[in-house]
Each structure stands twice: as structure tokens, then as C-alpha cells.
Amino acid sequence: MTGPSPIAPAGIAVRLLASAYEAVLTAALAMALGFLLLPWVTAHGIPAPGSKIALPGSGGRALSLVCLLLVLGAYFTWLWSGGRRTLPMRTWRLELATTAGAVVDIRRAALRYAAWWIGPLCALGADIALRTAGQSRWAVALLGLNYVWALIDRDRQFLHDRIAGTLLLRSPVRERSQAQA
């Protein structure tokens, strides 16, 4: 009988598939939060240009954004730290660890979450900068910056993992008798 197989770094394809699955769950969480905020973020004001639907005012949009950032931050920071895993990480047998192989603490998980926002913030900045030239559609390309980074990184890490000093590892397949014990 052989011992458990060593934990190896996860490949880019598996990490991207897990990220896509995570995006679906995150969207569901964002929609649930949106429904919970409806009493405080009701639509007041003028319909959006070309639409008959009234949008929330700037205060309602700001409240929604702050709540979304806090809820997602708490969700990911908690589930990435202390050896816990999100559902997509469990599904794809992924574990988050430091580059030294240690369990990720809450501070490093929070740093990873904050670093994940680099791509979206760059896209937002580019959108603002390119809007006057009528070229803001090109800003969307920066949304994938954190993931495209893996193509030039020497260890094929995503940008947020490089900054946080973390990496996703592929867990070994455990036999049913071991998992149930």
C-alpha cells in the first residue's frame, strides 16, 4: 500500500475552470445581496438614457457597492483562510496555501482578495480615460489582467496569488474509507 500522493500545484486550466465556477456562485451571492438591499436602495429619479427603468440614486449605488465589497470580502477571506475551501475549490480538489506550503492566515487571504481587484480597477480606470475618445469598449480587456498574468509569470501564478504569496494546489484523491474516517 502506498502513502498519499504529494500535493502538486494546480494547472492553469483547472484554476480557470474553478474561477468560472466561483464567478457563477459569486453572481448568485451578489443577486441575493441585491434583493436584501432593495428596501434601502429603491429606484428614485430619472430613467437611464434610452430606458424606461429608473435607476437608484448615487447614494443607493454607493451603498450597494460597499455592501457587495464587504460581503464578498468576508466570504472569500473566511473561506480562503484556516484551511477552509470554497465549493469550487472542493469540487476541483484545490487547496490554497502560502508559497512555503503553510495554511493561509486571514491577513494573507484578505490581501489576496484585495489584489484580485487590480484587474477590475484597471478596467474601470481605462474606461474613464478612454470614454472621451469613444474607445471605452477596449477597457474590458483589462478585466482578465489577473489571469492573463499567468502566461508571463515564471511559475504560471495568477497576479493576485503572486502578490499575496499564495498558490493553489491540487489535492490528492482520497479513498472513500479515508475520507469517511
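Refer to the structure printed above.
So, here is what we can say about the structure in this document. (Residues numbered from 1 in each chain as written. Predicted model: local features only at pLDDT ≥ 70, side-chain atom pairs only at ≥ 80, totals over all residues. Heavy atoms only, no water.)

**What to know about the pairing of strand 2 (residues 94–98)**
Now for step 1: Of all the five residues making up strand 2, four are buried; the element is thus mostly covered by neighbouring parts of the structure.
Now for step 2: Pairing of strand 2 with strand 3 (residues 166–170), which is carried by five bridges, proceeds in the antiparallel orientation. From the neighbouring strand, Thr98 faces strand 3, where its bridge partner is Thr166. (Buried < 20%, exposed > 50% of the residue type's maximum accessible area, 1.4 Å probe, protein only. Helix = DSSP H or I, 4+ residues; strand = E, 2+ residues; numbered from the N terminus. Pairing = 2+ DSSP bridges.)

**Quick word on the sheet that holds strand 3**
Now for step 1: Judged by pairing direction, the sheet is antiparallel, and its three strands sit side by side in the order 1-3-2 without closing on themselves. Each edge of the open sheet carries a strand with a single partner, namely strand 1 (8–9) and strand 2.
Now for step 2: Alignment of strand 1 against strand 3, held across two bridges, turns out to be antiparallel. Note that in strand 3 the partner of Ala8 across the bridge is Arg170.

**With respect to the nonpolar core**
The tendency in soluble globular proteins is for nonpolar side chains to be buried as a group.
Now for step 1: Phe76, Trp80, Met89, Leu94, Leu96, Tyr113 and Leu168 are the most contacted members of the largest nonpolar core, which totals 13 residues.
Now for step 2: Elements with a minimum of two residues in this core: helix 1 (12–37), helix 2 (58–80), strand 2 and helix 4 (106–116).
Now for step 3: Considering each element in turn, this core owes the most residues, three residues, to helix 2. (Core = buried A, V, L, I, M, F, W, Y, C linked by side-chain atoms within 4.5 Å.)

**As for the layout of surface pockets**
Now for step 1: For the largest pocket, the calculated volume is near 490 Å³.
Now for step 2: In terms of lining, the largest pocket is formed by 24 residues, of which the most central are Ser19, Glu22, Phe76, Trp116 and Tyr147.
Now for step 3: Elements with a minimum of two residues in the lining of the largest pocket: helix 1, helix 2, helix 3 (87–91) and helix 4.
Now for step 4: A per-element tally of the lining of the largest pocket places helix 1 first, with eight residues.
Now for step 5: Tallied by class, the residues present in the lining of the largest pocket amount to 17 nonpolar, four polar and three charged. (1 Å grid on protein atoms, 1.4 Å probe; cavity = no way out; pocket = protein on both sides within 12 Å on 5 of 7 lines; lining within 4 Å. Points joined across faces, edges and corners; volume = space filled by probe spheres on them. Nonpolar A, V, L, I, M, F, W, Y, C, P; charged D, E, K, R; others polar.)

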